[in-house]
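Listed here are the chains, written in short residue letters.
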Amino acid sequence: MIKKIKQFYKKKILKIKNNFQIIRKNIEKENNITKYLHYVVFIFISIFKYFKVEIFSVIILSIITFYISVSLYSKKYIYSSIEEIPYNDVALVLGTSKYLKNGKLNMYFKFRMDAAYELYKYKKIKFILVSGDNRNIYYNEPQQMREYLINLGVSKEDIFLDFAGFRTRDSIIRANKVFSLTNFTIVSQPFHNERAILIAKEQNINVIAYNANNVRKIYRIKQFPREFASRVLMFVDILMDKPPRFYGDSINIKGKNN
């Protein structure tokens, strides 16, 4: 088996060498700059022509490894059991739109609200901070979240709103810097919690997360490319130490123990 693999690659390398000799002969009268450009183009074309399967395999393996590494790091801080999750005064619920483009209820939204209410009902938290996008007067995620939670049975006095949670990183950092929280419980779907935990830990914020129910598998598959891109952007933000879009005045969540 190993011999066959070696022979397979030897043939590829021999083809590249032969092609290189042909290119070299054809451009021998050209100036050095032109020769250099031809060689660079030749190298790139040869690599993609003869090793495209290997290149795509490495790319796919790297994507999977990168994605899983975030999940493995965050796993020990995430809970799915209401009995096992430790107590925190405040739950930070990460925002999403209540409705889909077709007008139907967004199940990501519903399940996050249900999970937050479950923590509240079983006294695993005292207060709920809802953080989301309020880009204009016609789009207000925190207000939608607040109304839904009140209808479930959460006291309106126990709900606080962050209107500048435009991104997950903004929500996490603002919970710490604006709302002065150093310990809190994040609420979202598993894939989102994994990323949120890493963002918080990099900021030295002591957090845990509670998993809301996930959506149907077909929607999770569609979500993967977007979540992978979000994880790449997360690392870029960490390297750049990107701040939230807004900070604003400090807001005190009464009764919190931090």
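Just above, that's the structure.
Note on numbering: residues in each chain are counted from 1, in written sequence order. Given that this is a predicted model, residues contribute local features only at a pLDDT of at least 70 and side-chain atom pairs are listed and counted only at 80 or more, while totals for whole chains, interfaces and linings are drawn from all residues. To obtain the side-chain values, all non-hydrogen atoms of the structure were included, while hydrogens and water were left out.

A few words now on the sheet that holds strand S4 (residues 159-162). In this analysis, strands are considered paired if DSSP registers two or more bridges between them. What counts as a helix is a DSSP run of H or I of at least four residues, what counts as a strand is a run of E of at least two, and both are numbered from the N terminus. Pairing within the open sheet is parallel, and its six strands lie in the order S1-S6-S5-S2-S3-S4. The open sheet has two edge strands with one neighbour each: strand S1 (78-79) and S4. Summarising the sheet, strand S3 (residues 127-131) and S4 pair through four bridges and their orientation is parallel. In the sheet register, Ser131 faces S4, and the bridge partner there is Asp162. Its contacts with the sheet put helix H4 (residues 107-121) on strand S2 (90-94), S3, strand S5 (183-188) and strand S6 (206-211), and the angle it makes with S5 is roughly 140°. Note on contacts: a residue pair is in contact if any heavy atoms of the two residues lie within 4.5 Å. Simply put, an axis is a line fit to the C-alpha atoms, just over the touching stretch for a helix, and the angle between two N-to-C directions goes from 0 to 180 degrees. Its contacts with the sheet place helix H6 (residues 168-177) against S2, S3, S4 and S5, and it is angled at close to 160° to S2.

What is meant by a nonpolar core is a set of buried Ala, Val, Leu, Ile, Met, Phe, Trp, Tyr and Cys residues, joined one to another through side-chain atoms within 4.5 Å. Each residue is assigned to one of three classes by its accessible area relative to the maximum for its type, calculated with a 1.4 Å probe on protein chains only: buried under 20%, partly exposed between the two thresholds, exposed over 50%. Judged by nonpolar contacts, the single largest core of 29 residues is most densely connected at Val93, Met113, Leu119, Ile128, Val130 and Leu149. When residues of this core are traced back to their parent elements, those giving at least two are S2, H4, S3, helix H5 (141-152), S4 and S6. Membership of the second largest hydrophobic core comes to 27 residues, among which are Val70, Val90, Leu198 and Ile253.

As a further point, take the pattern of salt bridges. Salt-bridge detection follows one rule: a side-chain nitrogen of Lys or Arg within 4 Å of a carboxyl oxygen of Asp or Glu. Inspection of every chain in the model, using the stated rule, returns seven salt bridges. Sharing partners across several salt bridges, the network here consists of Glu194, Arg195, Glu227 and Arg231.

Think of a patch as exposed residues, more than 30% relative accessible area, with no salt bridge, where like charges cluster within 9 Å and nonpolar side chains (Val, Leu, Ile, Met, Phe, Trp, Tyr) cluster within 5 Å. We get accessible surface area from the Shrake-Rupley algorithm with a probe of 1.4 Å; when it comes to residues, only the shown protein chains can shield them. On the surface, Phe56, Ile59, Ile60, Ile64, Ile68 and Leu72 cluster together into a nonpolar patch covering about 580 Å² of accessible area. Locating Phe56 in the fold gives a position in helix H3 (residues 52-74).

By the element assignment, Thr96 lies in the loop between S2 and H4. Two N or O atoms count as a polar contact when they lie within 3.5 Å, although within protein this holds only if one can serve as hydrogen donor and the other as acceptor, and sequence-adjacent residues are included solely when both atoms are side-chain atoms. In terms of polar contacts, Thr96 uses its side chain to reach the side chain of Asn106, at 3.4 Å. Aside from chain neighbours lying at most four places away, what touches Thr96 is Asn106, Tyr108, Phe109, Arg112 and Glu141.

Okay, the packing of H3 against helix H7 (residues 190-202) next. The interhelical angle for the contact between H3 and H7, taken along N-to-C directions, is 70°, at an axis separation of 9 Å. With respect to each other, H3 and H7 are oriented roughly perpendicular. Where H3 abuts H7, its residues Tyr67, Val70, Ser71, Tyr73 and Ser74 lie against Phe191, Glu194, Arg195, Ile197, Leu198 and Lys201. Residue type decides the class: Asp, Glu, Lys and Arg count as charged, Ala, Val, Leu, Ile, Met, Phe, Trp, Tyr, Cys and Pro as nonpolar, and the leftover types, Gly among them, as polar. Classifying every residue of the contact of H3 with H7 by side-chain character gives six nonpolar, two polar and three charged. Working definition: roughly parallel below 35 degrees, roughly antiparallel above 145 degrees, roughly perpendicular at 65 to 115 degrees, and oblique for all remaining angles.

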